[in-house]
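One-letter residues, chain by chain:
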Amino acid sequence: MLRTQIAVSTLLRWLSFALVLLLIVFLFVPVVVVVMLSFSNATVLQFPPDQFGLRQYVAFFQNQYWTSSVVKSLVIALPTALVAVLVGMPAVFAFNRTRLPFREGLELSGLTPFLLPGVAYAVALYAMYAQFHIVGTTVGLILADSVIALPFVVVIVGAAIKRVPPDLELVAMSLGASRARALIGITFRLTLPAIAAAFVLAFLAAFDEATFVNFVGGPDLVTLPKAIFDSLRLGVDPLITGIATILMALTGVTMLLAVWLRRA
Amino acid sequence: MKTAIGLQLKGLAKSYGPVEAVKGVDLSVFEGEFLTLLGPSGSGKTTILRLIAGFTLPTAGQIMLQGRDVSRMTPAERGIGMVFQHYALFPHMTVVENISYGLKMRGWPAAKRNQRAREMQELVGLHGMDKRLPRELSGGQQQRVALARALAFEPTLLLMDEPLGALDRELRIRMAGELRRIHRELGTTVVYVTHDREEAMTLSDRVAIMHLGVIDAVGTPHDLFSVPPTRFVASFFGGHNLLPAQLTRHSANGHVKVRCLDQEVDATSGSDLTGAGNVWVVIPAIAVRLGHAAASLNIEATVAETLYIGGAVQVTCEIEGMGRLLANLPVEDGLGLEVGSKIDLLVKSADLVAVAREGESGAGASQPAPSAATEEVDDLAKDI
């Protein structure tokens, strides 16, 4: 009896281990394939590549269509992250450091963009933007993307500020600091790593955003994700494997940066 | 002796919506005095401390610090040092940076700050920890840093909110001794908040006992313990037994006669019992002895439980129709007692104190508890 039970549990353990392994393989194989493809010199997608080289990267950087889309994405994503932090921070402080009525509900509502059905929301946004004639403007897209970026600030900075005891601010005031100085020098200072991490993630979310730009971006506002989508219509150019590799590398580095910042 | 008044509260009151956390408190603390606000949780003691510190503003009343009215000042303007239960050290600052924070806020130059920080470390017994972060320190060490930080700018008043509450027993006793020493060396006026009566007893020059938002009584630990003026002081501070009795004669000098357990005995009273009919007789557990004698309250009881507590035996007795009575008997009397056996106990009349019974006259008459008056509600950063 006991022996069969042990045998069964051993078997289950091996099965679950195998399942996890399979999952990891499933997640990482495409990454490996894309990275390998990006270092091929072929002009069509072909696996395994028969000639390695930097053709995809060279083609990417030499083509103004692609480079200007990267610049456009940066021009959108950086201000978006900034707007998200500037709007999100006071909101987080209000949720956690005031007697604001319904603050729990408001804090939860700050997360709703995570749940938004993107396309439906984008359609509504398009209708509204058309009224105000801001379809295709940089400012319009930044505002739209800020909606997606905001929850990162609410979640990450919110979690950080909850770990800062209000007593710290009180003690600073008893030691001679003004309310503002206590708030900035202690609470703000202690949440700074989280703010930086939230900024990075908000930036990534906006940089990667492909839905809103298709609706409110109009024909001329071409960010990198839009450029990739548009290029697919003309057939698959393997240089997008180069873009993908660069993006994954940058994302990986910034994510690590965000993790490191939060720990600091 | 001490005469100058360091801190004075005049009719201080604080309400949170319909909840009255503090109901018109008057209190004077002398210069250099160590005064403890003692009370159960929800009695309003922490609210008073936070009102004094300026973290929340009073609904009514005044706070006078060395003669000037600070009731409406910001915490920074008041210049009061404060130590919190969980130390509230700045986690991103080293020991020295923590200690000199108040000096920095006051614009002291760096060299002077460091000099002072060293002196403070010396005072609280911290050595060679300048560059450590709070998380690298033990609880006791963190408490020393918090104390040094609160005292560094030489505040006229030091407030302490259950500063030993988070320490284990051993360390608590040691830190209490340290607090006594530091208070003796500096002579700073201290207002200390705790719910632990032993702490209050060992540390304080005087104790103010809080109950349901008012101060029930103020006095030296010895006075409050030996002649408690109210029922609440007797039970909460003294931990004494209470037996119902009737007042049969009272006089102005505190000598009264009471009828208790069908005996008429002499007793003392710590408050004016004029007009009181029903009273409580307060019986300290350590005053109970075996035997039967004149000029004493004689009690027949049944032994319900005996506990050897080192140096004495704590005997729980059952008095028929009256409830339980705790007696700390000498070891030779207590050890041999059988549970269930009948014993004769006596309390000398000199050890008996009468206090007013609930709902009657006298300062201690306490109202039914509005239970919502907790101090956990006052989250003060949110109140200014």
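Please read these numbers as outputs of a predicted model, since none were measured by experiment.

Of the regular secondary structure elements, chain B holds eleven helices and 20 strands. Overall, the C-alpha framework of chain B stretches about 75 × 45 × 40 Å when taken along its three principal axes. The buried share of chain B, taken over its 384 residues, is 52%. Taking as baseline every contact in chain B between residues at least 6 positions apart, the subset at least 24 positions apart corresponds to 68%.

This part covers the packing of helix α3 (residues 64–97) of chain A against helix α8 (residues 179–207) of chain A. To describe two helices that pack against each other, one gives the angle between their axes and the distance between the axes. Residue and element names in this part refer to chain A. Between α3 and α8, the shortest axis-to-axis distance is 8 Å and the interhelical angle comes to 140°. Classified by chirality, the crossing of α8 by α3 is right-handed. Per-class residue counts for the contact of α3 with α8 are 18 nonpolar, four polar and one charged.

Once that is clear, we can look at the confidence of the model for chain B. Residue and element names in this part refer to chain B. Overall, the predicted model of chain B reaches an average pLDDT of 88, with 92% of residues at or above 70. Note that pLDDT drops below 50 for residues 360–384; the model gives that stretch 63 contacts with residues more than four away or on any other chain. Overall fold confidence (pTM) sits at 0.79, and the ipTM for the predicted complex is 0.80.

Summed over the entire model, instances satisfying the criterion amount to twelve aromatic pairs over all chains. With a centroid separation of 5.2 Å and an interplanar angle of 35°, the aromatic rings of phenylalanine 39 of chain A and tyrosine 57 of chain A are classed as tilted. Of this pair, phenylalanine 39 of chain A sits in the loop between α1 (2–38) and α2 (55–62) while tyrosine 57 of chain A sits in helix α2; the two residues are 18 residues apart in sequence, bridging distant segments of the chain. A relative accessible area of 34% means that phenylalanine 39 of chain A is categorised as partly exposed. For the pair phenylalanine 232 of chain B and phenylalanine 236 of chain B, a centre-to-centre distance of 5.2 Å together with 10° between the ring planes defines the contact as stacked. With phenylalanine 232 of chain B and phenylalanine 236 of chain B both in helix α10 (residues 231–237), this residue pair falls four residues apart, about one helical turn. A relative accessible area of 8% places phenylalanine 232 of chain B in the buried class. In this structure an aromatic cluster arises from ring pairing among Phe60, Phe61, Tyr65 and Trp66 of chain A. Residue placement shows lysine 112 of chain B over the ring face of tryptophan 108 of chain B; its charged tip is 4.6 Å from the ring centre.

The next subject is the pairing of strand β18 (residues 323–329) of chain B. Residue and element names in this part refer to chain B. Here strand β17 (residues 313–319) runs beside β18; their pairing, made up of seven bridges, is antiparallel. The partner of glutamine 314 across the bridge, within β18, is asparagine 328. Following β17, the chain reverses through three residues before pairing antiparallel with β18; glycine 321 in that reversal takes a positive phi of roughly 75°.

This part covers the sheet that holds strand β7 (residues 157–161) of chain B. Residues and elements named next belong to chain B. Spatial ordering of the open sheet is given by β6-β7-β8-β3-β9-β10, a layout of six strands whose pairing is mixed. Where the open sheet ends on each side, the last strands, each with one partner, are β6 (81–83) and β10 (214–219). Sheet twist, expressed as the mean angle between neighbouring strand axes with direction ignored, is 20°. The pairing of strand β3 (residues 34–38) with strand β8 (residues 189–194) spans five bridges and is classified as parallel. Within the sheet, the bridge partner assigned to leucine 35 lies in β8 and is valine 191. Here helix α1 (residues 45–53) sits on the sheet and contacts β3, β6, β7, β8 and β9 (206–211); the angle it forms with β7, its principal contact strand, is near 145°.

What follows is about the pattern of salt bridges. Residues and elements named next belong to chain B. One pass over the structure, following the stated rule, counts 16 salt bridges over all chains. Across the pair arginine 144 and glutamate 178 runs a salt bridge, and its minimum N-O distance is 2.8 Å. Residue arginine 144 is located in helix α6 (residues 139–152), and its partner glutamate 178 is located in helix α7 (residues 169–186); the two are separated by 34 residues in the primary sequence. Taking the shortest distance from any N to any O, the salt bridge between glutamate 318 and arginine 324 comes out at 3.1 Å. Residues participating in the shared-partner salt-bridge network are Arg144, Glu178, Arg181 and Glu185.

This part takes up the side chain of threonine 187 of chain A. Looking at the secondary structure, you find threonine 187 of chain A in helix α8. Polar contacts involving the side chain of threonine 187 of chain A include one to the side chain of glutamate 169 of chain A, which spans 2.5 Å.

Moving on to the interface of chain B and chain A. At the junction of the two partners, chain B supplies 28 residues and chain A supplies 22 residues. In total, about 2200 Å² of surface goes out of reach between chain B and chain A, with carbon and sulfur atoms giving 65% of it. At the junction of chain B and chain A, the tally comes to one salt bridge. Among the salt bridges present, the one from arginine 50 of chain B reaches aspartate 167 of chain A, with a minimum N-O distance of 3.3 Å. The tally of links from chain B across to chain A stands at three residue pairs in polar contact (both at pLDDT 80 or more). For the side of chain B that touches chain A, the secondary structure elements donating two or more residues are α2 (75–78), α4 (101–105) and α6 of chain B.

Residue and element names in this part refer to chain A. In terms of residue burial, helix α7 (residues 166–174) counts as a mostly covered element, since seven of its nine residues are buried. Here α7 has its buried residues at Leu168, Glu169, Leu170, Val171, Ala172, Met173 and Ser174. Following α7 by one or two positions, glycine 176 adopts a phi angle in the positive range, close to 115°.

Turning to unusual backbone geometry, a few remarks are in order. Residue and element names in this part refer to chain B. Even without glycine at this site, glutamate 162 takes up a positive phi of about 40°. Mapped onto the secondary structure, glutamate 162 falls in the loop between β7 and α7. On the basis of relative accessibility, which here comes to 9%, the residue glutamate 162 falls in the buried class. In this structure, aspartate 262 takes a positive phi of about 60° despite not being glycine. Residue aspartate 262 is classed as exposed on the basis of its relative accessible area of 72%.

A word on the sheet that holds strand β12 (residues 255–260) of chain B. All names here are of chain B. Judged by pairing direction, the barrel is mixed, and its five strands sit side by side in the order β11-β12-β13-β20-β14 before closing back on the first. Neighbour-to-neighbour, the strand axes of this sheet turn through a mean angle of 55°, independent of strand direction. As defined by bridge partners, β12 adjoins strand β13 (residues 263–269) across six bridges and the pair is classed as antiparallel. For valine 258, the partnering residue across the bridge sits in β13 and is valine 265.

All names here are of chain B. When you tally the buried positions in β8, you get six out of six residues, the bulk of the element. Burial along β8 is two-sided: the residues Thr189, Val191 and Val193 and Val190, Tyr192 and Thr194 are all buried. Summarising the sheet, β7 and β8 pair through five bridges and their orientation is parallel. When the sheet's bridge partners are listed, leucine 158 is paired in β8 with valine 190. Of the crossover connections in this fold, the one passing from β7 over α7 to the parallel β8 is right-handed.

The rules behind these values
- Residues numbered from 1 in each chain as written.
- Chains lettered and ligands numbered in written order.
- Predicted model: local features only at pLDDT ≥ 70, side-chain atom pairs only at ≥ 80, totals over all residues.
- Heavy atoms only, no water.
- Helix = DSSP H or I, 4+ residues; strand = E, 2+ residues; numbered from the N terminus.
- Buried < 20%, exposed > 50% of the residue type's maximum accessible area, 1.4 Å probe, protein only.
- Contact = heavy atoms within 4.5 Å.
- Axes fitted to C-alpha atoms, helices over the stretch in contact; angles between N-to-C directions.
- Left-handed = near helix turned anticlockwise from the far one by under 90°.
- Nonpolar A, V, L, I, M, F, W, Y, C, P; charged D, E, K, R; others polar.
- pLDDT = per-residue confidence, 0-100.
- Phe/Tyr/Trp six-rings, centres within 6.5 Å; stacked < 30°, edge-to-face > 60°.
- Lys NZ or Arg CZ within 6 Å of the ring centre and 35° of its normal.
- Pairing = 2+ DSSP bridges.
- Salt bridge = Lys/Arg side-chain N within 4 Å of Asp/Glu carboxyl O.
- Polar contact = N/O pair within 3.5 Å; in protein donor to acceptor, adjacent residues only side chain to side chain.
- Buried area = accessible area lost by both parts, 1.4 Å probe.
- Right-handed = clockwise from strand over helix to strand, strands pointing away.

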